[in-house]
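Structural characterization, general
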Amino acid sequence: MLKRLKSYLHQRRRPASNPEPELVITTERDEERTLLLIKSGVQRSVEPIIGETVLQIAETHQVEWNSFCKRGTCARCRCIILEGEELLSAPNEAEEARLDPEELEEGYRLGCQAKVKQPGDMTIRHAPYF
């Protein structure tokens, strides 16, 4: 039953008649600031901090990332990695329990769980369910 509910919710959050708006990624970045955070059309280029989560970095740089639990259960910090997925930690148990396998394949992560493991160019867009 849980799998059917997840499938239903997965279909509800991606209506076919209302696709996500096209994203324009800017390539101008400071040499030291290589993490581009995108939230509701606002883009902010910030310096990634090795060992910190995407959510921690967003909060440090005052990007409202909408989080609630910070444990990986609420998924309000859900995001999609558009560039630099290899620079982040692998999905952990909390992400595997909360996100569908298809979501993980598509590059969705939980901002509170995805940690920066090495510097480089990353583009991450906040993509909550609601």
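Everything discussed here concerns the structure shown above.
Here's what I pulled together on the structure shown here. Because the structure is predicted, anything quoted here is derived from the model rather than measured.

1. What to know about the sheet that holds strand β5 (residues 122-126)
- An order of β2-β1-β5-β3-β4 is seen for the five strands of this open sheet, with the pairing classed as mixed. Of all the strands in the sheet, the pair left with one neighbour each is β2 (42-46) and β4 (108-110). Strand-to-strand twist across the sheet, computed as the mean angle between neighbouring axes with direction ignored, equals 30 degrees.
- Relative to β5, strand β3 (residues 78-83) is paired through four bridges, and the arrangement is antiparallel. Across the sheet, the residue bridging to Ile80 is Arg125, located in β5.

2. Some words on the pairing of strand β1 (residues 35-39)
- In terms of burial, β1 is a largely internal element, five of the five residues being buried.
- In β1, alternate side chains face the same way, and those of Leu35, Leu37 and Lys39 on one face and Leu36 and Ile38 on the other are all buried.
- Pairing analysis gives five bridges linking β1 to β2, with the strands arranged antiparallel. For Lys39, the partnering residue across the bridge sits in β2 and is Val42.
- The loop that links β1 with its antiparallel partner β2 comprises two residues; one of these, Ser40, has a positive phi angle of about 50 degrees.
- As paired strands, β1 and β5 are joined by four bridges and run parallel to one another. Residue Leu37 lies in a different strand from β5, and its bridge partner there is Ile124.

3. Some details on the environment of Ser67
- By the secondary structure assignment, Ser67 is in the loop between α2 (54-60) and β3.
- Among the residues examined, Ser67 registers a relative accessible area of 25% and is labelled partly exposed.
- Placed 45 residues apart in sequence, Ser67 and Cys112 show a C-alpha to C-alpha distance of 8.0 Å.
- Not counting the four nearest positions on each side in its chain, Ser67 is found in contact with Leu55, Glu59 and Arg76.
- At 3.4 Å, the side chain of Ser67 forms a polar contact with the side chain of Glu59.

So, how was this worked out
Residues numbered from 1 in each chain as written. Predicted model: local features only at pLDDT ≥ 70, side-chain atom pairs only at ≥ 80, totals over all residues. Heavy atoms only, no water. Pairing = 2+ DSSP bridges. Helix = DSSP H or I, 4+ residues; strand = E, 2+ residues; numbered from the N terminus. Axes fitted to C-alpha atoms, helices over the stretch in contact; angles between N-to-C directions. Buried < 20%, exposed > 50% of the residue type's maximum accessible area, 1.4 Å probe, protein only. Contact = heavy atoms within 4.5 Å. Polar contact = N/O pair within 3.5 Å; in protein donor to acceptor, adjacent residues only side chain to side chain.

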